[in-house]
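Each chain is listed here by its residues.
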Amino acid sequence: MTTHDPALADVPAILTIVSNNYLHYARTLMESVARQHPEARRYCVIVDTDPAPAAALAAEFEAIALTALDLPGGRGFMFQYTILELNTAVKPWALAHLFARGHDQVLYIDPDIYLYRPLSEVFDHLRAGASMVLTPHLTHPMTDQLHPNELAIRVAGTYNLGFIGLRRHESSQRLLDWWQGKLAHDCVVDVKNGIFVDQSWMDLVPGLYNDVAILRHPGYNVAYWNIAQREIGKQDEVYTVNGLPLAFFHYSGVNALNPQPVSKHQNRFTLETIQPLARELILGYCARVVANGAADYQKLPYGYANFDDGTPILPATRALYRKDPGVRKRVGQDPFALGPGTGPLEPPPVQNDSLALRRLHQVYAYFLNREPDQHALNTLSTRAATTAGYLRLVAGAGRSPEARGRAGWLRRLALWPLLAGGGLLPDKPQTQPLAPALPAPADQLPVQVSRDLGLNLVGYVAAELGVGEAARSLARACRAAELPFSILDVGYQTDNRQSDTEILSAARDENYAVDLVYVNADQAIRTLDYMRDQGVNNAYKIGFWHWEQPEFPERFWQAFHHLNEIWVPSRFVYDAIAPISPRPLYIVPHALIVQATPGVQRSQFGLPEDKLAVLMMYDFHSYQYRKNPQAAIAAFRQAIAGRDDAILVVKTINGEHHPQAVRELHAHLHDLPGTVIIERFLSRQEVWDLQACCDILLSLHRAEGFGLAPAEMMCLGKPVVATGWSANMDFMTHENSMPVRFTLKPLEQDLGAYPPGPLWAEADIDHAAWCLRTLFDDAGLRERMGARAARDVRAQLAPEVVGARVRARLQAIRYWNPQLFGG
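The following paragraphs examine the structure supplied in this document.

What counts, and where the lines are drawn
- Residues numbered from 1 in each chain as written.
- Predicted model: local features only at pLDDT ≥ 70, side-chain atom pairs only at ≥ 80, totals over all residues.
- Heavy atoms only, no water.
- Helix = DSSP H or I, 4+ residues; strand = E, 2+ residues; numbered from the N terminus.
- Rg over C-alpha atoms; globule rule 2.2 N^0.38 Å.
- Buried < 20%, exposed > 50% of the residue type's maximum accessible area, 1.4 Å probe, protein only.
- Contact = heavy atoms within 4.5 Å.
- Areas by Shrake-Rupley, 256 points an atom, 1.4 Å probe, with all protein chains shown as cover.
- Lys, Arg positive; Asp, Glu negative; His and termini not counted.
- Charge placed at Lys NZ, Arg CZ, Asp CG, Glu CD.
- Expected span 1.5 Å × (residues − 1).
- Pairing = 2+ DSSP bridges.
- Axes fitted to C-alpha atoms, helices over the stretch in contact; angles between N-to-C directions.
- Parallel < 35°, antiparallel > 145°, perpendicular 65-115°, else oblique.
- Left-handed = near helix turned anticlockwise from the far one by under 90°.
- Nonpolar A, V, L, I, M, F, W, Y, C, P; charged D, E, K, R; others polar.
- Disulfide = S-S within 2.5 Å.
- Salt bridge = Lys/Arg side-chain N within 4 Å of Asp/Glu carboxyl O.

1. Description of the overall build of the protein
For step 1, the next point in the chain: Helix and strand counts for the protein come out as 29 helices and 28 strands.
For step 2, the next point in the chain: Relative to the compact-globule value of 28 Å for 823 residues, the protein shows a C-alpha radius of gyration of 28 Å, a close match.
For step 3, the next point in the chain: Every one of the 823 residues in the protein was classed for burial, and the buried ones make up 57%.
For step 4, the next point in the chain: Long-range contacts, defined here as pairs at least 24 residues apart, represent 73% of the contacts in the protein between residues at least 6 apart.
For step 5, the next point in the chain: When the accessible surface of the protein is summed, it comes to about 33,000 Å², and 52% of that surface belongs to carbon and sulfur atoms.
For step 6, the next point in the chain: Across the protein, the mean location of the 76 positive side-chain charges is 4 Å away from that of the 86 negative side-chain charges.

Shown next as structure tokens:
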């Protein structure tokens with residue numbers, strides 16, 4: 001029972017709602033609320049099962065559990081909705097809860113909003129007698145047909161429910177009662193029926209209730225959908241919008257770790273083309289979100305994602321429970337306890353042949369990048385069984401508003417006949433990690449292919465460079481999973497030393513059904529030509545690509561045409577390629593098995609026994625500017641000021657090919673006493689031994705496609721201080737390492753393969769120096785962090801773990817292409 005406190009009547013309440021994986025956004029919002037409205041009480045409803053992450057933030061806001069709200073239907077209310085739907089569905093109950101506690105003025109604000117000044121106009125409206133305050137998406141007409149256009153805004157709703165202000169009044173109480181009735185079962189993304197979660201219902205509110213204020217101030221709810229009509233200015237360090245002060249910016253769809261697209265929900269701007277002051281706002285906001293723990297919070301699991309036995313809940317199962325009162329009656333109010341496929345929760349079977357279903361999945365994956373919903377499975381798969389019906393399905397889906405809302409829709413529609421004719425349509429959305437494989441064209445089927453599950457590994461299998469070690473790590477994963485492989489070495493493409501022949505003895509003299517082309521996109525076509533010359537030209541080809549920018553350059557896109565799918569080593573590379581890829585993507589991280597030689601001594605590398613050794617290592621071929629040793633040296637210099645208990649160890653290779661870069665490196669090191677520079681070649685075992693002899697790894701890189709050196713050091717139980725951005729954050733957390741704060745800045749000029757424009761990280765040197773000093777001063781912390789690092793990395797990157805992912809993917813390929821394996 002909620003306790004009413006009359007003392008809260010004059011205290012405004014400001015509320016947001018998140019699941020644990022969005023706490024970094026809630027922290028950033030509440031940071032701005034505390035600054036702009038110190039008089040307000042700050043609340044955050046936690047739509048999750050684990051209260052601990054939010055409880056640790058009690059100084060920043062009061063967390064409200066879902067159990068404190070008077071939600072209907074028991075746990076069934078949480079079961080029926082996806083994470084997006086549930087976070088929006090609880091809103092009217094949360095607002096009612098704060099009224100019941102005694103507040104007379106309550107504001108809801110989305111967690112991805114940031115306040116830049118007090119919301120005085122809102123409170124003016126409420127004091128003047130308004131019972132509710134809404135902000136429209138648009139206050140001026142749009143002038144183009146990019147996404148979102150006015151039709152898309154109309155579908156989503158006239159008013160943006162990222163903000164609403166309410167005053168205790170009969171009208172607002174009636175609104176909450178009505179709104180709760182709508183969201184009890186109808187807070188869904190159902191565009192074809194005119195419903196977009198809680199938001200679209202608000203279109204009716206100004207006609208249904210009195211005292212509704214529509215706040216048209218251009219400084220409110222500035223976002224991707226209206227910024228084309230709003231000019232950002234700056235006067236005396238105060239941001240303005242169309243000449244009036246900016247109140248709040250709604251950073252909807254902005255990925256703080258990759259803001260390059262501005263928002264994932266639009267195609268009107270990129271960070272390069274948006275207004276310069278808007279870019280400044282976005283980058284400043286992203287820095288705040290990152291500093292508030294984005295890399296860690298986003299990894300937290302969602303508590304309502306699974307049945308109680310751990311089985312994931314399918315969207316179709318949620319929809320079945322939500323839509324069918326009979327099912328809800330039979331299942332009761334705790335469907336989580338029931339388990340998947342149990343009685344009434346078993347989705348109805350679809351009685352269609354496999355070709356029709358395959359066609360339906362292809363069309364939805366290609367045009368809409370999602371699975372067909374239950375309605376489509378029940379109605380459209382029958383149509384897809386005939387050629388005429390299939391063509392009608394393609395035309396309808398390809399020209400639908402949903403398809404037109406995706407960037408490149410017209411090109412996608414135009415290319416469909418070519419891709420379909422070649423059997424090159426994806427069968428699943430690109431975001432699905434186990435998407436069915438692309439079918440192989442019949443005219444490319446190999447004549448003599450092993451029936452065994454295995455692959456032909458093509459790459460720099462003996463070269464002493466990062467992508468060579470990555471190829472060898474994949475071979476180690478295959479061995480751990482007992483997957484056979486053959487080898488075609490293309491080391492002729494690099495001038496790196498070719499001496500690591502570790503995996504050659506494990507290769508078999510067989511031709512398997514799948515070619516894995518482990519070279520980057522810029523070398524893919526050249527390598528495929530060489531493979532044909534060598535008689536390796538199987539029907540199913542996988543490219544394994546690394547990339548170190550958050551956007552994938554168009555000049556590499558031609559390589560997609562020659563491959564059936566792409567594997568990548570990290571979420572960072574996945575996110576860079578997925579928006580433009582016509583092929584399925586699959587993440588396969590590098591497999592690590594790092595073992596130092598027993599009894600290895602520091603003296604073998606000229607390292608003193610009585611000082612902490614901080615290791616910095618990189619390949620000059622990987623671009624010194626990207627590796628950013630200058631920042632690492634500056635941080636180390638700052639960290640050892642006034643002390644002499646640590647030295648810097650610098651390990652590089654291929655300096656002979658980059659003499660100017662070597663001179664620059666030595667110039668930065670000249671005033672650091674005791675620095676040990678190792679420029680000679682070391683075998684892979686010697687590298688592991690060197691790493692084992694050092695105490696800390698320091699890497700203030702601007703970007704990594706995987707982060708092999710940090711991963712190896714962590715595997716050895718060593719603490720790592722590294723830039724908290726890009727691929728290394730797949731395995732780094734604040735518990736097992738020290739991620740360094742950073743700001744994101746566009747690359748200003750061409751750097752080899754990297755074009756100017758996309759963002760790279762600039763590590764915070766002061767913070768990196770603090771991290772180093774903290775580790776210098778606390779041997780216990782070094783030991784605890786190193787132990788956690790080793791445990792986490794081995795659990796994630798051990799060969800048997802990675803090998804299981806490789807086997808699972810190859811099994812999926814065989815399932816969808818049995819003819820490749822003689823089936």
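What follows continues from the structure just given.
2. Quick word on helix α19 (residues 466–480)
For step 1, the next point in the chain: With 15 residues, α19 should cover 21 Å at 1.5 Å per step; its first-to-last C-alpha distance of 21 Å lies within 8% of that length.
For step 2, the next point in the chain: Counting buried positions along α19 yields 12 of 15 residues, so the element is predominantly enclosed.
For step 3, the next point in the chain: Listed as buried for α19 are Val467, Gly468, Glu469, Ala470, Ala471, Arg472, Ser473, Leu474, Ala475, Arg476, Ala477 and Cys478.
For step 4, the next point in the chain: Glutamate 482 lies just past α19 and shows a positive phi near 55°.

3. Here we look at the sheet that holds strand β20 (residues 585–587)
For step 1, the next point in the chain: Pairing in this open sheet of 6 strands is parallel, and the strands run β16-β15-β17-β18-β19-β20 from one edge to the other. For this open sheet the edge positions go to β16 (485–489) and β20, each flanked by a neighbour on one side alone. Looking at each pair of strands side by side, their axes are set apart by 25° on average, direction ignored.
For step 2, the next point in the chain: Alignment of strand β15 (residues 455–459) against β16, held across 5 bridges, turns out to be parallel. Within β16, the residue paired with leucine 455 across the bridge is phenylalanine 485.
For step 3, the next point in the chain: Sitting on the sheet, α19 touches β15, β16, β17 (514–518) and β19 (565–568), and the angle it makes with β17 is about 145°.

4. With respect to the packing of helix α28 (residues 779–797) against helix α29 (residues 799–816)
For step 1, the next point in the chain: Between α28 and α29, whose axes approach to 5 Å, the crossing angle comes to 30°. As judged from the angle between their axes, α28 and α29 are roughly parallel. Across the interface between the two elements, Arg794, Ala795, Gln796 and Leu797 of α28 pack against Pro799, Val801 and Val802 of α29.

5. As for unusual backbone geometry
For step 1, the next point in the chain: Residue proline 148 follows histidine 147 across a cis peptide bond; omega there is 0°.
For step 2, the next point in the chain: The topology assignment puts proline 148 in the loop between β6 (132–134) and α7 (150–156).

6. Details of the side chain of asparagine 258
For step 1, the next point in the chain: Inspection of the secondary structure puts asparagine 258 in the loop between β14 (248–250) and α10 (276–291).
For step 2, the next point in the chain: What makes asparagine 258 buried here is its relative accessible area of 11%.
For step 3, the next point in the chain: Not counting the four nearest positions on each side in its chain, asparagine 258 is found in contact with Pro550 and Trp725.

7. Some remarks on the pairing of strand β11 (residues 232–235)
For step 1, the next point in the chain: Taken together, the 4 bridges between β11 and strand β12 (residues 238–241) define a ladder with antiparallel strand orientation. Note that in β12 the partner of glutamine 235 across the bridge is valine 238.
For step 2, the next point in the chain: Hairpin connection between β11 and β12: a loop of 2 residues separates the two successive antiparallel strands, and aspartate 236 in this loop has a positive phi of roughly 55°.

8. Concerning the packing of helix α23 (residues 629–639) against helix α27 (residues 765–777)
For step 1, the next point in the chain: Closest axis-to-axis distance for the α23/α27 pair is 8 Å, and the angle between their directions is 50°. The pairing of α23 with α27 is recorded here as oblique in orientation. As α23 packs across α27, the resulting crossing turns out to be right-handed. Facing α23, whose interface residues are Ala631, Ala634, Ala635, Phe636, Gln638 and Ala639, α27 presents Ile765, Asp766, Ala768, Ala769, Leu772, Arg773 and Phe776.
For step 2, the next point in the chain: When its residues are assigned to classes, the contact of α23 with α27 shows 10 nonpolar, 1 polar and 2 charged.

9. What about the state of the cysteines?
For step 1, the next point in the chain: Enumeration according to the criterion identifies 0 disulfides in this entry.
For step 2, the next point in the chain: No disulfide involves cysteine 693; its sulfur sits 6.8 Å from the nearest other cysteine sulfur, which is in cysteine 694.
For step 3, the next point in the chain: In this structure cysteine 771 is a free cysteine whose sulfur lies 18 Å from that of cysteine 694, the closest cysteine sulfur available.
For step 4, the next point in the chain: According to the relative accessible area criterion, cysteine 771 is buried, its value standing at 2%.

10. A word on the sheet that holds strand β23 (residues 676–678)
For step 1, the next point in the chain: Read across the open sheet, the 6 strands follow the order β23-β22-β21-β24-β25-β26; overall the sheet is parallel. On the outer flanks of this sheet lie β23 and β26 (738–740), each paired with one strand and no other. Neighbour to neighbour, the strand axes of the sheet diverge by 20° on average, direction disregarded.
For step 2, the next point in the chain: Across 3 bridges, the pairing between strand β22 (residues 646–653) and β23 is parallel.

11. Here we look at the environment of alanine 578
For step 1, the next point in the chain: Structurally, alanine 578 can be placed in the loop between α21 (571–577) and β20.
For step 2, the next point in the chain: On the basis of relative accessible area, alanine 578 is assigned to the buried category, the value being 14%.
For step 3, the next point in the chain: The spacing of alanine 578 and glutamate 551 is 27 residues in sequence and 9.6 Å in space, taken between C-alpha atoms.

12. Regarding helix α26 (residues 708–715)
For step 1, the next point in the chain: Buried residues dominate α26, accounting for 7 of its 8 residues.
For step 2, the next point in the chain: Listed in full, the buried residues belonging to α26 are Ala709, Pro710, Ala711, Glu712, Met713, Met714 and Cys715.
For step 3, the next point in the chain: On its buried face, α26 sits against β21 (612–619), α25 (684–693), β24 (696–699), β25 (720–723) and α28.
For step 4, the next point in the chain: Looking one or two residues beyond α26, the residue adopting positive phi is glycine 717, at roughly 85°.

13. Brief notes about the environment of arginine 637
For step 1, the next point in the chain: Within the secondary structure, arginine 637 sits in helix α23.
For step 2, the next point in the chain: Distance from arginine 637 to glycine 535, taken between C-alpha atoms, is 55 Å for residues 102 residues apart in sequence.
For step 3, the next point in the chain: Beyond its immediate chain neighbours, meaning those up to four positions away, arginine 637 contacts His668, Asp671 and Leu672.

14. Examining the pairing of β21
For step 1, the next point in the chain: For β21, the buried fraction is high: 7 of the 8 residues fall into the buried class.
For step 2, the next point in the chain: Where β21 meets β22, 8 bridges bridge the pair, whose relative direction is parallel. Within β22, the residue paired with aspartate 619 across the bridge is isoleucine 653.
For step 3, the next point in the chain: Where β21 lies against β24, 2 bridges are found, and the strand directions are parallel. The partner of leucine 615 across the bridge, within β24, is leucine 697.

15. Topic: the pattern of salt bridges
For step 1, the next point in the chain: All chains considered together, the criterion is met by 27 salt bridges.
For step 2, the next point in the chain: For arginine 27, the salt bridge is made with glutamate 60, and the minimal N-O distance between the two is 2.8 Å. Of this pair, arginine 27 sits in helix α1 (residues 23–36) while glutamate 60 sits in the loop between α2 (52–55) and β3 (62–65), and the two are 33 residues apart along the sequence.
For step 3, the next point in the chain: For arginine 27, a relative accessible area of 17% translates into the label buried.
For step 4, the next point in the chain: You can call glutamate 60 partly exposed: its relative accessible area is 23%.
For step 5, the next point in the chain: The partner of arginine 602 in a salt bridge is aspartate 695, and the shortest N-O contact between them spans 2.6 Å. Of the two residues, arginine 602 is situated in the loop between β20 and β21 and aspartate 695 in the loop between α25 and β24; the sequence distance between them amounts to 93 residues. The pair arginine 602 / aspartate 695 is uniform in exposure class, with both members buried.
For step 6, the next point in the chain: Among the charged side chains, a salt-bridge network with shared partners connects Glu469, Arg472, Arg476, Arg684 and Glu712.

Everything listed here is a matter of coordinates, which is why it stays silent on function.
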